[in-house]
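# Structural overview
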Amino acid sequence: MAFLSIIRRWALREHMSIREIARRTKLSRNTIRKYLRSGAVEPEFKVAERPSKLDPFAAKLSGWLKTEAGKSRKQRRTSKQLHDDLVKLGYIGSYGRVAAFARVWRADRQREQQTTGRGTFVPLVFQAGEAFQFDWSEDFAVLGGERTKLQVAHIKLSHSRAFLLRAYPLQTHEMLFDAHVHGFRVFGGVPGRGIYDNMRTAVDRVGRGKERQVNARFLAMASHYVFEPEFCNPAAGWEKGQVEKNVQDSRHRLWHAVTRKGFACKSRRAMPEFPDLAALNVWLERRCMELWHEIPHGALPGSVADVWAEERASLMQLPPAFDGFVEHSKRVSPTCLISFERNRYSVPASFANRPVSLRVYPDRLVVAAEGNILCEHGRVIQRSHKLPAQTIYDWRHYLAVIQRKPGALRNGAPFLELPPAFRQLQDHMLRKPGGDREMVDILALVLHHDEQAVLTAVELALAEGVPTKTHVLNRLHRLVDSKVVGEPPLDTPQALILRREPKANVERYDGLRAQIAGGRHAS
């Protein structure tokens, strides 16, 4: 480079002739003219293209390298193994050429990923009330003293950037619907569009381009809230970049304690432990709304909360909450049980061996048949298959059975969960002949009377030391008949007051006694 600079200075600044420059540099005049015409500052040397023995196998080797790049490090073939495989295909060149080709290919691929491979994007701007974005993430929290893996729903307004997080044990339809119900409730309305990726709970099949076969139940929810679902292209998360960024930011703002140099950021606190999932979701909702006031909007003046307050007027008025259940058809077993997610739940005995409809909610299961709700159970979700399956009984469902088979009361599994007073009375009853039948009759009282009243009657009978069916019935009737005791006295109108009140005259009964032969008493 310094040599070319001397030639250019002699010719352009000192106006030296080409002949003189050639004499001083010992170069030909044609070489000097070529350097001056090209205006080159650095010498360039062209390397002639030479044929290589690897050329016929270059496409094959490139394909192999691309396939190996997608594998884990321990599963990739080495350059030596690639050379051996090429030799089997007829390659007669050296290993060095294969290794050099692989180095150049990896360098080009890395350069492409850092430049054009990263993609080019257009910043997006959304109008108030125009759209929201939804996504899932996986995080951990301590529930009931145990570190639990959770599926976290993220829903975010595209204009104001107000967001809500809600944790669930699974990514299922009923969890998805529940997340939307609470999201729209917190936002105070419904935007016009919803932007999603191609999650299985919303899209049954991905077609060409924007063609999607949307899940029917998901469409029912979108129709209920009157918003248009829009789905991103496959593997194109940047099309809903706001909620993708929210997933990343929430891990530092909510899920992890982040401190620097001994000082904690105001918006970064350690997540406390929670007794259950409901308590965690209450904390998440409160904490998200606090962060709205702490986080500046960035594109508009004020905080996220300030912009959300203005956007709220542009949202559609919130309709009644969507009944977001997923329905399954089940057949009740002869033991009055249905199975769901490895667990079994009891059903009233009158529907044994008959089909029923199971409506699945995030936290409960509702059994329906013939247009009526039969029963409801709290949903049990066990993530570990190492734990045994559970059976959830309601002893009231088996009362019709033990009325025909009272002997089943002694060892019946559903009756292990009786209230303590019933259990204590059962111990007394089963000690005498026919006690099982009497105990069944007492339990059957809950079908016709308030269960709490029956339980109180049993407790009173036990406290008085007379644990018998007759005494329990006596106590129950007294409780039922005395419900009006203690109520305020009635204000009788003046028109209903008797002008001449009757007087008690027991002597009138003596006249009746005289008519009876022998003067016997009525008793």
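For the structure itself, consult the block above.
This text gives an overview of the structure that appears in the document. These numbers were taken from a predicted model, which means no experiment stands behind them.

### Thoughts on a positive patch on the surface
- A cluster of basic residues, Lys66, Arg73, Lys74, Arg76, Arg106 and Arg109, forms a positive patch on the protein surface.
- Note that Lys74 resides in the loop between α4 (58-69) and α5 (79-88).
- Residue class for Lys74 comes out exposed when judged on its relative accessible area of 75%.

### Here we look at the pattern of salt bridges
- Taken as a whole and judged by the stated rule, the model has 32 salt bridges.
- Salt-bridge contacts for Glu451 lead to Arg396; the nearest nitrogen and oxygen are separated by 2.8 Å. In this pair, Glu451 sits in helix α15 (residues 451-463) while Arg396 sits in the loop between β16 (391-392) and α12 (399-404), placing the two residues 55 residues apart along the sequence.
- Given a relative accessible area of 24%, Glu451 falls into the partly exposed group.
- Classification of Arg396 by relative accessible area gives partly exposed; the value is 35%.
- One network of salt bridges, with partners in common, ties together Glu68, Lys71, Arg77 and Asp85.

### Regarding the sheet that holds strand β12 (residues 343-346)
- Read from one edge to the other, the open sheet built from 3 strands follows the order β11-β12-β16, with strand pairing classed as mixed. A single partner strand is all that each edge strand has here, and the edge strands are β11 (337-340) and β16.
- Inspection of the sheet shows β11 paired to β12 by 4 bridges, in the antiparallel sense. Within β12, the position partnered with Ser339 by the bridge is Arg344.

### What about the pairing of strand β1 (residues 131-143)?
- Most of β1 is tucked away, with 10 of its 13 residues classed as buried.
- Both β1 and strand β4 (residues 193-196) contribute to a ladder of 3 bridges, which runs parallel. Directly across from Gln133, in β4, lies its bridge partner Ile195.
- Of the strand pairs in this sheet, β1 and strand β2 (residues 146-157) are connected by 12 bridges, and their pairing is antiparallel.

Quick notes on the rules
Residues numbered from 1 in each chain as written. Predicted model: local features only at pLDDT ≥ 70, side-chain atom pairs only at ≥ 80, totals over all residues. Heavy atoms only, no water. Patch = residues over 30% accessible without salt bridge, like charges linked within 9 Å, V, L, I, M, F, W, Y side chains within 5 Å. Areas by Shrake-Rupley, 256 points an atom, 1.4 Å probe, with all protein chains shown as cover. Salt bridge = Lys/Arg side-chain N within 4 Å of Asp/Glu carboxyl O. Lys, Arg positive; Asp, Glu negative; His and termini not counted. Charge placed at Lys NZ, Arg CZ, Asp CG, Glu CD. Helix = DSSP H or I, 4+ residues; strand = E, 2+ residues; numbered from the N terminus. Buried < 20%, exposed > 50% of the residue type's maximum accessible area, 1.4 Å probe, protein only. Pairing = 2+ DSSP bridges.

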